[in-house]
Amino acid sequence: MASIVTLSSSKKASLRGQAQLWPFYALYVKDEVSSELHKSMLSIAESVEQAMLDFQPYLRRPISTLAAIASDPIESWMRFREQYAAHREGHAPPDLYQPDNDWEVRLHSLINLSAPDELLSEFRELWSAVMSELQAKGIRAGPESFKGWNDGDAGFVRAIWCVVRHLKPTTIVETGVAHGVTSRFILEALERNGNGHLWSIDRPPVEPEWKQQVGVAVGDRFRDRWSYILGSSRRRLPDLLTQLGTIDFFIHDSLHSERNVRFEVDLAWAALRPGGLIVVDDIDVNRGFHSFTQSVPGQRSLVCEAEPLRPDSRRHNGKGMFGIAVKERAAR
């Protein structure tokens, strides 16, 4: 068996330095090779350097990484492949999405919610309680609160709360759980509605300290309404949608690459009943929601500005964005 090697800091710096030399080498030989090869060499250099940085956490934990690979090699390969594909995509241009300033009013109109005050009051009360619960457990929700990922955006969760409480969907599917803030609000809404079930597909982190925090906001109260499905959406979502047949509501909050967004949303849209909704978090980091709304007919969409608990310096607007698409009902 091949040994697992942990790279020293000096070795990592050396490898990054070698990757940075690739562009100079490419410039030196560009008169003797085709422009396509030149571009490929530059792309390889960027990919090597990015991969070294992104996989450092796994190299620092060789035993747990090896255990994860051994327990499910197919899932591990899919994780690597999807992360690599996401890095190759790059980020969406900052002007690709323009938020709808009145998105919440428009959402209430789309779902025929004429008097939202009571539902919004419910949300504010529950939001305060859930944030206090997390704080008591030593968890600070918000940007980069779960292994660098965002968890606990008030605007995103409030939109989902109003949809579930008002439309009373009974079949809901989400991808990505993290601390389970969104899951908790969906389950609380279903409980108050007295009907419905949530299926959550989730691929938790390898690191034990993060894995034990998955779903911590949910607790054990909703076992009869919640099915937690371990694995990636690539493996689990097609079979789940086949099993369910038709769904009422879908939430994407897993790997935010265009490739993954389109894979999930295209599948979910085919299973979504007329009048149902899809919500996609963090749309501003990839082109997935934009390409979906531009290419798929029969939908009305909103671009919504997020409301993080504190500024997110990684976003060009300091907040982030999420998207909502409503599947139009067939004309009578």
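Quantities reported herein were computed from a predicted structural model and do not represent experimental measurements.

(A) Summary view of the confidence of the model for the protein chain. Summary statistics for the protein chain give a mean pLDDT of 82 and a share of 74% for residues scoring 70 or more. Low confidence marks residues 1–33, where pLDDT is under 50. Its contacts with residues over four positions away, or in another chain, come to 31 contacts. Across residues 43–53, confidence stays below pLDDT 50; counting only partners more than four residues off in sequence or on other chains, it has 15 contacts.

(B) Geometry of the pattern of salt bridges. In this structure the tally under the stated criterion is 17 salt bridges. Between Arg158 and Glu104 there is a salt bridge; the shortest N-O distance is 2.7 Å. In this pair, Arg158 is assigned in helix α8 (residues 154–167) and Glu104 in helix α6 (residues 103–110), connecting sequence segments 54 residues apart. Across the pair, Glu104 and Arg158 agree in class, each one buried. Glu122 serves as the salt-bridge partner of Arg165, at 3.0 Å between the closest nitrogen and oxygen.

(C) Quick look at unusual backbone geometry. With phi around 60 degrees, Asn112 is a residue other than glycine that occupies positive phi space. With respect to the helices, strands and loops of the structure, Asn112 is situated in the loop between α6 and α7 (117–136). By relative accessible area, which is 63% here, Asn112 ends up exposed.

(D) The arrangement of the packing of aromatic side chains in detail. Applying the stated criterion across every chain yields a total of eight aromatic pairs. The interplanar angle of 45 degrees and the centroid separation of 5.4 Å between the aromatic rings of Phe123 and Phe185 together place this pair among those described as tilted. One end of the pair, Phe123, is in helix α7; the other, Phe185, is in helix α9 (residues 181–193), and 62 residues separate them in sequence. A ring pair is formed by Phe156 and Phe322, whose centres lie 5.5 Å apart and whose planes are at 80 degrees; its orientation type is edge-to-face. A residue pair is termed long-range when its members are at least 10 positions apart, and Phe156 in helix α8 and Phe322 in strand β9 (residues 321–327) qualify at 166 residues.

(E) Spotlight on the side chain of Asp253. Mapped onto the fold, Asp253 is located in the loop between β6 (247–252) and α12 (258–271). One buried charged residue, Asp253, forms no salt bridge at all, with the nearest opposite charge on Arg315 at 8.1 Å. Residues in contact with Asp253, not counting those within four places in the same chain, are Phe156, Thr175, Gly176, Asp281 and Asp282.

Cut-off values and rules
- Residues numbered from 1 in each chain as written.
- Predicted model: local features only at pLDDT ≥ 70, side-chain atom pairs only at ≥ 80, totals over all residues.
- Heavy atoms only, no water.
- pLDDT = per-residue confidence, 0-100.
- Contact = heavy atoms within 4.5 Å.
- Salt bridge = Lys/Arg side-chain N within 4 Å of Asp/Glu carboxyl O.
- Helix = DSSP H or I, 4+ residues; strand = E, 2+ residues; numbered from the N terminus.
- Buried < 20%, exposed > 50% of the residue type's maximum accessible area, 1.4 Å probe, protein only.
- Phe/Tyr/Trp six-rings, centres within 6.5 Å; stacked < 30°, edge-to-face > 60°.
- Lys, Arg positive; Asp, Glu negative; His and termini not counted.

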